[in-house]
Amino acid sequence: MQTVCKLCRQPKALVNSHSIPDSLFRQIFKAGSGQAVVLVGDDVTPNVLSQDSWSDYLLCGDCERFLNEAYDEWGLRLLRGKIGQLHRSESGVTFHNLDINRFRKWILSLMWRISISGHKSYSNVNFPREIEDHLRSVILNQLPMCRFDYPMVITRLRTPQPVPGFSESDTRTIQAAPFARQYPVARSVCFVMIGFFVEVFFESFPKTYRKKPQVLTGNNSAVFCLYQSPFDIKEFSETLGQALAKESGGRNGPA
Ligand SMILES: [Zn+2]
């Protein structure tokens, strides 16, 4: 397939790119029997067991390799506790000794790929064109970012007590389509990967979040991820409840 790469904008053969890194799906597929449970937000559709890793033809091979090497491999090793220093407390997990700006750019590179992707699972999320363009040049040219650009909140999904039919390891296999939130004076984009819930704000930032320790900006020296129950995320709670009801009713769909 020969067309224009979305990152370098050169006419090149495109490869099948994964906005949420493929290795996240490989982990899900390994954990289950090669399939992920996809949450579907109504009480009629069975939970779909999916082998679709939400890929799309977006980037040339060079750019795909660049994103993998500069960001994805590093970010995934970090979240899995393989690099940096991971500290667990009563309230959450903290990643110390890491390059904060590299981390912020990794998250933004995922958001950018979600925004430009034509895959139907990413259709809820489309940044305004000027933000897509800005993110593209930050990622491609490794430009410095302002400290308060795109503040983000990352939580570690964990239920405070056992939920029947839902195990702790299930939080790592939640695969939900990214979605947008609208606040009175701000907007955000949210997505989940390997048990972390990520919310990135753009254009403005809600006042209620301003002093919270879990808000990540370029001022932080560590990434603090508060524990949050997936059932407390309003966009998930209804769907998760329906998914559990469907599982107990034996209505998991075929692959
Ligand atoms: Zn390219």
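Look up a bit, the structure's there.
It should be emphasised that the depicted structure is a prediction, and the values quoted were computed from it without experimental measurement. The written sequence of each chain sets the order in which its residues are numbered from 1. A pLDDT threshold of at least 70 governs which residues receive local features in this predicted model, and a stricter bar of 80 or more applies before side-chain atom pairs are shown or counted, although totals over entire chains, interfaces and linings include all residues.

Undergrad: Any chance you could explain the overall build of the chain here in plain terms?
TA: Secondary structure assignment for the chain yields six helices and 13 strands. Here the contacts in the chain between residues at least 6 apart in sequence split such that 69% fall between residues at least 24 apart. Runs of E in the DSSP output that reach at least two residues are strands. Runs of H or I that reach at least four are helices, and both are numbered from the N terminus. We call two residues in contact when their backbone-placed C-beta atoms lie within 7 Å.

Undergrad: Mind showing me how you'd approach the pairing of strand β8 (residues 152-157) here?
TA: Side-chain positions along a regular strand alternate between the two faces of the sheet. The exposure label follows from counting other C-beta atoms within 10 Å of a residue's C-beta, where the C-beta atoms are placed from the backbone and the thresholds are 20 or more for buried and 12 or fewer for exposed, leaving partly exposed in between. Of all six residues making up β8, five are buried, and the element is well covered by its neighbours. Pairing between β8 and strand β12 (residues 215-216): two bridges, direction antiparallel. Among the inter-strand pairings, Val153 is bridged to a residue of β12, identified as Val215. In the sheet, β8 pairs with strand β13 (residues 223-228) via two bridges, with the strands oriented parallel. The residue of β13 that forms the bridge with Arg156 is Tyr227. Pairing between strands is defined by DSSP: at least two bridges between them are needed.

Undergrad: What am I meant to see in the environment of Val200 here?
TA: Relative to the elements of secondary structure, Val200 occurs in strand β11 (residues 196-202). Sequence separation between Val200 and Val153 is 47 residues; the distance between their C-alpha atoms is 6.6 Å. Every residue in contact with Val200, bar those within four places of it in the chain, is listed here: Ile107, Met111, Tyr150, Met152, Ser188 and Val189.

Undergrad: Help me understand the nonpolar core, please; the structure alone is not making it clear to me.
TA: Nonpolar side chains in soluble globular proteins tend to end up buried together. Counting residues in each nonpolar core, the largest one holds 47 residues, and the members touching the most others are Ile107, Met111, Met152, Val198 and Val200. Looking at this core, the element that brings in the most residues is helix α3 (residues 100-116), giving nine residues. To define a nonpolar core, we join buried Ala, Val, Leu, Ile, Met, Phe, Trp, Tyr and Cys residues through C-beta atoms within 7 Å and take the resulting set.

Undergrad: In this structure, what is going on with the packing of helix α2 (residues 61-79) against α3? I would like to understand it.
TA: Two measures define how a pair of helices packs: the angle their axes make with one another and the distance between the axes. Think of each axis as a best-fit line through the C-alpha atoms, taken over the contacting stretch in the case of a helix, with angles from 0 to 180 degrees between the N-to-C directions. The geometry of α2 relative to α3 is characterised by a closest axis approach of 10 Å and an angle of 105° between their N-to-C directions. Viewed along their axes, α2 and α3 adopt a mutual orientation that is roughly perpendicular. Facing α2, whose interface residues are Leu67, Tyr71, Trp74 and Gly75, α3 presents Arg102, Phe103, Lys105, Trp106 and Ser109. Side-chain classes are defined by residue name, with Ala, Val, Leu, Ile, Met, Phe, Trp, Tyr, Cys and Pro counting as nonpolar, Asp, Glu, Lys and Arg as charged, and the others, Gly among them, as polar. Along the lines of polarity and charge, the residues of the contact of α2 with α3 split into five nonpolar, two polar and two charged. Just so you know how the angles are binned, under 35 degrees is roughly parallel, over 145 roughly antiparallel, 65 to 115 roughly perpendicular, and the rest oblique.

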